[in-house]
Amino acid sequence: MYAPFDQPAVCNVCRWRGDSFVGPFHAEMATCPVCGSVSRDRFLLHSFFTSIDQPAGLRVWETSPRLGDRYRQMMRKHFEYFASDYDLSAHEGDIQIDLQNIALPDESVDVLLTPHVLEHVPDTDRALAEIRRVLKPGGHMFLQVPLQVGATRVPPEPEFHADNTPVFFNFGWDLTHRLRATGFAVDVLVTEEWHDVLRGAAPPIASNGDGFDVESLIAAARTTLDLERDLVSIADRGAAHVLGALPPYHHVTWRCRRTN
Ligand SMILES: [Zn+2]
């Protein structure tokens, strides 16, 4: 679905091309001046588009997308797309869905995009089991959470994001095994640069006060993951820069396929 990258900044949501995104490189910034996408939005779509050969026409469900009409219209041009939200307050959605009790039939979804929602759900295992139930066999979930610490913990202080929904968990790399235990084939999609750092093929990156404990992320990846098998690079250094997917440790998507 991509035209080749030939500009320093390209938005894969609205096709804007230009010299740079607006604001610093950060998962929540590097904003597209036309559609408002931030880098994690673009990395999520990149994860989806680089993973599935013939996505046109698939039934695609997204939980609480940040982006509004322009993005959703784009998605509806290509997919049978619908958006949900837990309470239809912070985000507009087509339907209300609680991930712990999903109001969708079994095996009815080809692709789920779920950005920064799972950490707001109290019962992780129940949510994952419900997601597996509604995905078709062979269907995919592309999952993002704010991955800021190496190992999953309950937030040490009460934590809220842009809305009033509490954060129940700060997830770490061990989420990978939780997902596998639910019945998904899982790999972890990253940029080439993060892939190299985590495997020790590039120098480590130091924490810089942006809320990501990079030392903990690097150390825990090496004890928690099979670095050769579990991590998959989906953007070389040039592609990551063009998408604004920097700094590298801000961008991780779990690619989960229902196996049966
Ligand atoms: Zn855009």
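Residues numbered from 1 in each chain as written. Predicted model: local features only at pLDDT ≥ 70, side-chain atom pairs only at ≥ 80, totals over all residues. Heavy atoms only, no water.

Draft legend 1. Highlighting the overall build of the chain. Broken down by element type, the chain carries eight helices and ten strands. Scaling as 2.2 N^0.38, a compact globule of 260 residues should have a C-alpha radius of gyration of about 18 Å, and the chain matches this with 17 Å. Principal-axis analysis of the C-alpha atoms places the extent of the chain at approximately 45 × 40 × 35 Å. Here the contacts in the chain between residues at least 6 apart in sequence split such that 66% fall between residues at least 24 apart. Of the roughly 11200 Å² of accessible surface on the chain, 50% is carried by carbon and sulfur atoms. Computed over 24 positive and 35 negative side-chain charges, the separation of the two mean positions in the chain equals 5 Å. (Helix = DSSP H or I, 4+ residues; strand = E, 2+ residues; numbered from the N terminus. Rg over C-alpha atoms; globule rule 2.2 N^0.38 Å. Contact = heavy atoms within 4.5 Å. Areas by Shrake-Rupley, 256 points an atom, 1.4 Å probe, with all protein chains shown as cover. Lys, Arg positive; Asp, Glu negative; His and termini not counted. Charge placed at Lys NZ, Arg CZ, Asp CG, Glu CD.)

Draft legend 2. Local environment of the coordination of the zinc ion. Around the zinc ion, the donor atoms from the protein are Cys11 (SG), Cys14 (SG), Cys32 (SG) and Cys35 (SG), and they sit 2.3 Å away. Coordination geometry of the zinc ion: the four donor atoms subtend angles of 102 to 115° at the metal centre, consistent with an arrangement described as tetrahedral. (Donors = N, O, S within 2.8 Å, 3.2 Å for Na, K, Ca; no water. Tetrahedral: all angles 85-135°; square planar, octahedral: opposite > 155°, others 65-115°.)

Draft legend 3. Region of the structure containing the side chain of glutamate 119. Within the secondary structure, glutamate 119 is located in the loop between strand S6 (109–115) and helix H3 (124–134). Although glutamate 119 lies buried, it forms no salt bridge, and the closest oppositely charged side chain, arginine 40, sits 7.2 Å away as judged by the N-O distance. Beyond its immediate sequence surroundings of up to four residues, glutamate 119 is in contact with Val145, Pro146, His161, Pro166, Val167, Phe168, Phe169 and Phe171. (Buried < 20%, exposed > 50% of the residue type's maximum accessible area, 1.4 Å probe, protein only. Salt bridge = Lys/Arg side-chain N within 4 Å of Asp/Glu carboxyl O.)

Draft legend 4. Spotlight on the packing of H3 against helix H4 (residues 175–182). Contact geometry for H3 and H4: axes closest at 9 Å, N-to-C directions at 50°. When the axis of H3 is compared with that of H4, the two are oblique. The two elements H3 and H4 meet at a crossing, and its hand is right-handed. Along its contact with H3, which presents Thr124, Asp125, Leu128, Ala129 and Arg132, the element H4 presents Arg178, Leu179 and Thr182. (Axes fitted to C-alpha atoms, helices over the stretch in contact; angles between N-to-C directions. Parallel < 35°, antiparallel > 145°, perpendicular 65-115°, else oblique. Left-handed = near helix turned anticlockwise from the far one by under 90°.)

Draft legend 5. Region of interest: the pattern of salt bridges. Tallying each qualifying case throughout the model produces 16 salt bridges. The residue arginine 66 makes a salt bridge to aspartate 41 at a minimum N-O spacing of 2.3 Å. Residue arginine 66 is found in the loop between strand S3 (59–63) and helix H2 (69–78), and its partner aspartate 41 is found in helix H1 (residues 39–49); the two are separated by 25 residues along the sequence. You can call arginine 66 partly exposed: its relative accessible area is 36%. Overlapping salt bridges bring together Glu192, Asp196, Arg199, Glu228 and Arg237 as one network.

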